[in-house]
Amino acid sequence: MAALGEEIHARGLKFGLYASPGRKTCAMIYDRYPGDHLGSLGHEQTDADTMAEWGVDYLKYDWCRANRAGNDLRTMTEETRGVLTDPALLSIAMDPAGQQGQRKGRVGNLEFWRRDLTHGFALGILNRGRTGARLNEDLLRERIGNRIALDVTTGTQALDVELDPHEMRIWAISDSRAAG
């Protein structure tokens, strides 16, 4: 698969794969596709690490019957539980505006995504590169102006950060303006 990923990238294309959080894929559930235990349940981290090694750019993670996948907060790693229960991320995900995020541009390996919220917007910045990338305050301010920005990953207002390869950071951007 890594060789296939390299060939896909050599042709200027993105490499996408499909996975499911349960034991079965949606095709197995609804279309009677043959197979057993093709979903990621029980080996999510291994699957994620393997896809990263293969150079996968996009993942369609189908949520068919995810409520039956055994997503028990008591058995999750502290890191996973922290992401899934983070109030700042939940407020973005469950915002009453109900808007889907949109890709708004790219600078080098940094890809910018925006999701409008009831009282501002969320800005996601993804490093698509295989090496770290620096996001400086000037580059971020071009997209948010003088608004107040909270990095929901760290809980700080840091605007000058280093992003690891394939790391995504999310900022909650308030309609309020920063003093100055």
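The shown structure was predicted, so the numbers you read here are calculated from the model rather than taken from an experiment.

Visitor: If you had to explain the overall build of the protein chain to someone new, which residues and values would you point to?
Guide: Along the protein chain, the regular secondary structure elements total six helices and nine strands. For the protein chain, the proportion of its 180 residues judged to be buried stands at 31%. Sequence-distant contacts in the protein chain: of pairs separated by 6 or more residues, those separated by 24 or more amount to 51%. Accessible surface computed for the protein chain: about 11,500 Å², of which carbon and sulfur atoms make up 51%.

Visitor: So, the environment of proline 96: which residues are in play, and what are the values?
Guide: If you trace the backbone, proline 96 turns up in the loop between α5 (87-93) and β3 (102-107). Separated by 23 residues in the primary sequence, proline 96 and histidine 119 have C-alpha atoms spaced 10.0 Å apart.

Visitor: An account of helix α6 (residues 137-144) is needed here, citing residue identities and associated values.
Guide: All buried positions along α6 are accounted for by Leu139, Leu140 and Ile144. Looking straight down α6, one finds that the buried residues subtend no more than 125 degrees of arc, so they occupy a single side. Seen from the buried face of α6, the exposed residues on the opposite side, beyond 90 degrees, are Asp138 and Glu142. Where α6 begins, one side-chain oxygen reaches toward the backbone nitrogen of aspartate 138, 3.1 Å away; that side chain belongs to asparagine 136. Where α6 ends, the next residue or the one after it, glycine 145, has phi of about 65 degrees, a positive value.

Visitor: Could you give an account of the pattern of salt bridges, naming the residues involved and the relevant values?
Guide: Applying the stated rule across the entire model yields eleven salt bridges. In this structure, arginine 114 engages aspartate 116 in a salt bridge whose closest nitrogen and oxygen atoms are separated by 2.8 Å. Judged by its relative accessible area of 36%, aspartate 116 falls in the partly exposed class. Where glutamate 137 meets arginine 141, a salt bridge forms, and the shortest distance between an N and an O atom there is 3.5 Å. Of this pair, glutamate 137 and arginine 141 both sit in helix α6, four residues apart, roughly one helical turn.

Reading guide: rules and limits
- Residues numbered from 1 in each chain as written.
- Predicted model: local features only at pLDDT ≥ 70, side-chain atom pairs only at ≥ 80, totals over all residues.
- Heavy atoms only, no water.
- Helix = DSSP H or I, 4+ residues; strand = E, 2+ residues; numbered from the N terminus.
- Buried < 20%, exposed > 50% of the residue type's maximum accessible area, 1.4 Å probe, protein only.
- Contact = heavy atoms within 4.5 Å.
- Areas by Shrake-Rupley, 256 points an atom, 1.4 Å probe, with all protein chains shown as cover.
- Arc of directions from axis to C-beta.
- Polar contact = N/O pair within 3.5 Å; in protein donor to acceptor, adjacent residues only side chain to side chain.
- Salt bridge = Lys/Arg side-chain N within 4 Å of Asp/Glu carboxyl O.

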